[in-house]
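Now for the letters of each chain:
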Number of protein chains: 2
Amino acid sequence: MKNLEQQGEAARRAARVMMTASTGQKNEALAGMAQALLDGCADILAANREDLEAARQGGMSEAMLDRLALSEKRVQDMAEGIRQVQALPDPVGEIVEGSVRPNGLQVQKVRVPLGVIGMIYEARPNVTSDAAALCLKAGNVVILRGGKEAIRSNTAIVSALSRGLEKAGLPAECVQLVGDTSRESATAMMRMSGVLDVLIPRGGAGLIKSVVENSRVPVIETGVGNCHIFVDETADLKQATDIVFNAKTSRPSVCNAAETLLVHEAIAQQALPQIAARLAEKNVELRGCPRSCEILSQAVPAVESDWKDEFLDYILAVRVVRDLDEALAHIARYSTGHSEAIVTRDYENAMRFTREVDSAAVYVNASTRFTDGGELGLGAEIGISTQKLHARGPMGVLTLTSTKHVILGNGQIR
Amino acid sequence: MKNLEQQGEAARRAARVMMTASTGQKNEALAGMAQALLDGCADILAANREDLEAARQGGMSEAMLDRLALSEKRVQDMAEGIRQVQALPDPVGEIVEGSVRPNGLQVQKVRVPLGVIGMIYEARPNVTSDAAALCLKAGNVVILRGGKEAIRSNTAIVSALSRGLEKAGLPAECVQLVGDTSRESATAMMRMSGVLDVLIPRGGAGLIKSVVENSRVPVIETGVGNCHIFVDETADLKQATDIVFNAKTSRPSVCNAAETLLVHEAIAQQALPQIAARLAEKNVELRGCPRSCEILSQAVPAVESDWKDEFLDYILAVRVVRDLDEALAHIARYSTGHSEAIVTRDYENAMRFTREVDSAAVYVNASTRFTDGGELGLGAEIGISTQKLHARGPMGVLTLTSTKHVILGNGQIR
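Remember, it's a predicted structure, so these values are computed and weren't measured experimentally.

(A) Representation of the overall build of chain A. Scanning chain A from terminus to terminus reveals 15 helices and 16 strands. On C-alpha atoms alone, chain A measures out to a radius of gyration of 24 Å, which is about the 22 Å that the 2.2 N^0.38 rule sets for 414 residues. Considering only residue pairs separated by 6 or more positions, chain A has 72% of its internal contacts joining residues 24 or more positions apart. For chain A, the exposed area adds up to about 15,900 Å²; of that, 48% sits on carbon and sulfur atoms. Of the side chains in chain A, 45 bear a positive and 51 a negative charge, and the two mean positions are spaced by 5 Å.

Here it is in structure tokens:
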């Protein structure tokens, strides 16, 4: 097995090949990768069983075991995911803008691959094939460093993907897995400037923080979502109840789930019991400010960390606010810049909320759960960026490209 | 004087104001800033004289003293630069794309300010007003940390700019200067994640490397340009000579100046003496590969570092290559990804060069000196990015923005 340095060198060589790979070649490779997953399904499931067995012995929770587990159906879904990426338009080569300068120089801004992308992620083995497919579509080489729990599954998956790549005449090194899943290998990737063009961490807050703080390679920060919903004085109460219930309970473990409910004081007495009754259907624990606790006997007093943390669980922080300004100030202070929503019938407040909330996705009268590449019409995504540089929100295939200027002259000098 | 932490807090407050500042307000502020520079010219020149005096006593070279020196004319140019930024279209609020989803959600991708931008730079005091104007135009707050040699000039400039800002009703804290010019203040800025949205270093290779390696804040890497010109077998020799002469000697101290000349072996015997003769007009020192040295008696043998370094001086590295492939391999190995040019009459080689050279600007039959915001039609620039994330090449006002998704619904849940 290659060490990380050798993998990096192989990746840079492969990236030079990928710069000029045609759409046809890349699509053929993606088709081959999808087919290779199906053909290799038995091997992948066998490897996954070993991962599951080891994880069970290590005491992994049932919820986590479920994330790790593959089945024939899940492998088919992974293959189908690759085929969907195959069907996307090829972003590379697009002339984003172009003009002729007064001196006759033809200036074109052309979309090109980023080059070599590093991904550090945890848990689910389907991220391995999703990320590989999206990176390849945009002409990139990817070095994947998954979690140690999934190493056998990931190895089997990447081995299948490599067979698909080679059949299409592209270097197998376009998709590489880091064999060493120790903390040291993650740290080593963060030091690979000049080799990696970007590093994308995907996982829990701890992983992301560590990468952001330590990486010398440019990072795209993903995913931590402390999402807020503000129920304004004029909100339609049924709508507010549906949206809060959906945003909190439809899938509490994901980053676009709501974590804090802010309610205008003029409507709190009426709204909170109604919303709380609905959330009780799913046994949602409420952690409230003093005024919420007065209204809701079932709420427990919130502590400072409840406003800050992403619960990723059936828990909701609740605060009564004086007005929109106090809601905006709370969000400015505690939000992670992922997704926030207002429920209101007031036009001016809706407009102010969309202007003044500085998050990747800002909603009026809709659930925060729509912050997702597919839901927003971007196709498959590699994560949700909560930073402002390069990509913000769901990261589709376009965010895995850069541009360069191509300038055609006939002897111009300055 | 505020410390850096207080400056950061003030900047975040100001950024919330700037999020909703109108185009009219920002343009009024820019006009006020330009006028305040003119009104404060005497103070600025007095401060600059003190900087110059201190620098002279410190033994600063004449070339550097010239970069530091201001005059009435230069202050007028700075004011004129601000007025040109004022005349640019306001990028903020543009709906970059929009669609209605099948469930009726209206999705808009809207251009917004980045927020708070940190700049660490050296030498020239005009960077202070240029950067302030561009950041403000895009609705950003900027924290400027210039070099210690220019601290008195920069203080006077920022004080004038603040007066202009306040007259227009915008917070003076939109443009802040870090008073402490020690290495520690630069390091402290690199730790300001959560406060700074991006950090832009502008200066020598050492400064940029240090920021890239140490910053926890997302960085846009600028400027180091080890630029190559490849003279192909079929090049028009007069054109090649003009382009090499221009790219090397029109302003050797800047990042888009050529540093290495690659010549196809079939034309080397004829081309090199001609190009060398022309470069001799400016006493350009040539550092050649063994074959170049055989052809050019005046060349000294190049060492490995000559292929790597940005000379920023009247020095050119020269290498004879077997063919385009060898030229591309040399560039892939030594280029900093800034600007490279081919001089050729061969269509296929021109196309291959533009596709296979992975740099911010790739030229056919033109001087590398055109890599500049103004020359490429982007307006004023805040630097030239040599990274692939977010911005690549000359960074105009658009690169100082981000986007957010605004999603307008009527009760949609998922």
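(B) How the structure looks around the interface of chain B and chain A. Facing 72 residues of chain B, the contacting portion of chain A comprises 72 residues. For the pair chain B and chain A, the summed buried surface comes to about 5,900 Å²; carbon and sulfur atoms form 54% of the total. Between the two partners, chain B and chain A, sit 4 salt bridges. The residue Lys388(B) makes a salt bridge to Asp197(A) at a minimum N-O spacing of 3.4 Å. The tally of links from chain B across to chain A stands at 42 residue pairs in polar contact (both at pLDDT 80 or more). Counting only elements with at least two residues in the side of chain B that touches chain A, the list comes to α1 (4–18), β2 (106–113), α9 (205–214), α10 (237–249), α14 (324–334), α15 (347–356), β13 (361–366) and β16 (401–412) of chain B. Considering each element in turn, the side of chain B that touches chain A owes the most residues, 11 residues, to β16(B). Residue classes in the side of chain B that touches chain A are distributed as 31 nonpolar, 23 polar and 18 charged. The pairing of strand β13 (residues 361–366) of chain A with β16(B) spans 5 bridges and is parallel. Across the sheet, Val362(A) pairs through a bridge with Val406(B), a residue of β16(B).

(C) Region of the structure containing the relation of the copies chain B and chain A. The two copies are related by a screw motion: chain B maps onto chain A through a turn of 180° and a shift of 0.0 Å along the axis, at an RMSD of 0.0 Å. Taken together, the rotation and translation describe the operation of a two-fold axis. Measuring from the rotation axis to each C-alpha of chain B, the shortest distance belongs to His390(B), at 1.8 Å. Most of the interface of chain B is mirrored in chain A, where 100% of its interface residues are also at the interface.

(D) Here's a closer look at the pattern of salt bridges. If you walk through the whole model with that rule in mind, you get 52 salt bridges over all chains. For the salt bridge of Arg152(B) with Asp51(B), the shortest nitrogen-to-oxygen distance reads 2.9 Å. Taken as a pair, Arg152(B) in helix α7 (residues 151–167) and Asp51(B) in helix α3 (residues 41–57) lie far apart in primary sequence, 101 residues in all. One network of salt bridges, in which partners are shared, links Arg12(A), Asp197(A), Asp358(B), Lys388(B) and Arg392(B).

(E) Focus on empty space enclosed by the protein. Residues and elements named next belong to chain A. All told, the structure shown has 1 cavity of 30 Å³ or more when counted by the stated rule. Here the largest cavity is characterised by a volume of approximately 40 Å³. Taken together, Met60, Met64, Leu68, Ala123 and Glu149 make up the full set of residues lining the largest cavity. Looking at the lining of the largest cavity residue by residue, the classes come out as 4 nonpolar, no polar and 1 charged.

(F) Quick peek at helix α3 (residues 41–57) of chain A. Residue and element names in this part refer to chain A. The terminal C-alpha atoms of α3, which comprises 17 residues, lie 24 Å apart, in line with the 24 Å expected from a rise of 1.5 Å per residue. Here α3 has its buried residues at Cys41, Ile44, Leu45, Ala47, Asn48, Asp51, Leu52 and Ala55. All buried residues of α3 project into a common sector of 160° when viewed along the axis, lining one side. The exposed residues of α3 that point more than 90 degrees off its buried face are Ala42, Asp43, Arg49 and Gln57. One or two positions beyond α3, positive phi appears at glycine 59, with a value near 85°.

(G) Inspection of the pairing of strand β2 (residues 106–113) of chain A at higher detail. All names here are of chain A. Sheet analysis places strand β1 (residues 95–100) next to β2, joined by 5 bridges and oriented antiparallel. Paired with glycine 98 across the two strands is glutamine 108, which belongs to β2. Hairpin connection of β1 to β2: 5 residues between the antiparallel strands, including glycine 104 at a positive phi of 95°. Pairing geometry for β2 and strand β16 (residues 401–412), over 8 bridges, is antiparallel. Residue pairing for β16: valine 112 is matched across the bridge by serine 402.

(H) Summary view of the environment of Asp90(A). Residues and elements named next belong to chain A. The residue aspartate 90 is located in the loop between α5 (72–87) and β1 in this model. Note: C-alpha distance between aspartate 90 and valine 343 (253 residues apart in sequence) is 38 Å. Excluding its chain neighbours within four sequence positions, the residues that come into contact with aspartate 90 are Thr23, Lys26 and Lys137. One polar contact links the side chain of aspartate 90 to the main-chain amide nitrogen of valine 92, over a distance of 2.9 Å.

(I) Inspection of unusual backbone geometry at higher detail. Residues and elements named next belong to chain A. We note that asparagine 283 has phi near 55°; this positive angle belongs to a residue other than glycine. If you trace the backbone, asparagine 283 turns up in the loop between α11 (265–280) and β9 (285–288). Of note in this structure, asparagine 365 is not a glycine but carries a positive phi near 55°. On the secondary structure map, asparagine 365 appears in strand β13. On the basis of relative accessibility, which here comes to 9%, the residue asparagine 365 falls in the buried class.

(J) Inspection of α11(A) at higher detail. Residue and element names in this part refer to chain A. The terminal C-alpha atoms of α11 lie 22 Å apart, and with 16 residues this matches the ideal 22 Å at 1.5 Å per residue to within 8%. For α11, every residue scored as buried is listed here: Ile267, Ala268, Ala271, Leu272, Ile275, Ala276 and Leu279. Along its buried surface, α11 packs onto β7 (227–231), α10 (237–249), β8 (258–264), β9, α12 (290–295) and β11 (315–321).

Quick notes on the rules
Chains are numbered independently. Their residues run from 1 in the order of the written sequence. Working convention: letters from A go to chains and numbers from 1 go to ligands, in the order in which they are written. Restriction of local features to residues with pLDDT of at least 70 applies here, the model being predicted, together with a cutoff of 80 or more for giving and counting side-chain atom pairs; totals for whole chains, interfaces and linings are based on all residues. Only hydrogens and water are set aside when side-chain values are computed; all heavy atoms of the structure are taken into account. A run of H or I in DSSP becomes a helix once it reaches four residues, and a run of E becomes a strand once it reaches two; helices and strands are each numbered from the N terminus. Just to be clear, the radius of gyration here is over C-alpha atoms, and the globule rule we use is 2.2 Å times residues to the power 0.38. What makes two residues a contact is simply this: any of their non-hydrogen atoms within 4.5 Å. For the area figures, the Shrake-Rupley method with a 1.4 Å probe applies, and any residue is considered shielded solely by the protein chains shown. Only four residue types enter the charge count, namely Lys and Arg as positive and Asp and Glu as negative; His and the chain termini do not. The atoms used to mark charge sites are NZ of Lys, CZ of Arg, CG of Asp and CD of Glu. Take the accessible area each of two parts loses on contact, using a 1.4 Å probe, and add the two losses: that sum is the buried area. One speaks of a salt bridge when a side-chain nitrogen belonging to Lys or Arg is within 4 Å of a carboxyl oxygen belonging to Asp or Glu. Side-chain atoms alone can form a polar contact between residues adjacent in sequence; in general such a contact is a pair of N or O atoms within 3.5 Å, and within protein one must be able to donate a hydrogen while the other accepts it. Under the convention adopted here, Pro, Cys and the residues Ala, Val, Leu, Ile, Met, Phe, Trp and Tyr are nonpolar, Asp, Glu, Lys and Arg are charged, and Gly plus all remaining residues are polar. If DSSP finds at least two bridges between two strands, the strands pair. A least-squares fit on C-alpha atoms brings the copies together, and the residues used are those whose pLDDT is at least 70 in both copies. The pocket and cavity definitions rest on a 1 Å grid over protein atoms only: a 1.4 Å probe that fits but cannot leave marks a cavity, an open set with protein on both sides within 12 Å along at least five of seven lines marks a pocket, and residues lining either have an atom within 4 Å of a point. Grid points are joined across faces, edges and corners, and a volume is the space filled by probe spheres set on the points. Here a helix's expected span is defined as the number of its residues, less one, multiplied by 1.5 Å. Each residue is assigned to one of three classes by its accessible area relative to the maximum for its type, calculated with a 1.4 Å probe on protein chains only: buried under 20%, partly exposed between the two thresholds, exposed over 50%. It is the directions from the helix axis to the C-beta atoms whose arc is reported.

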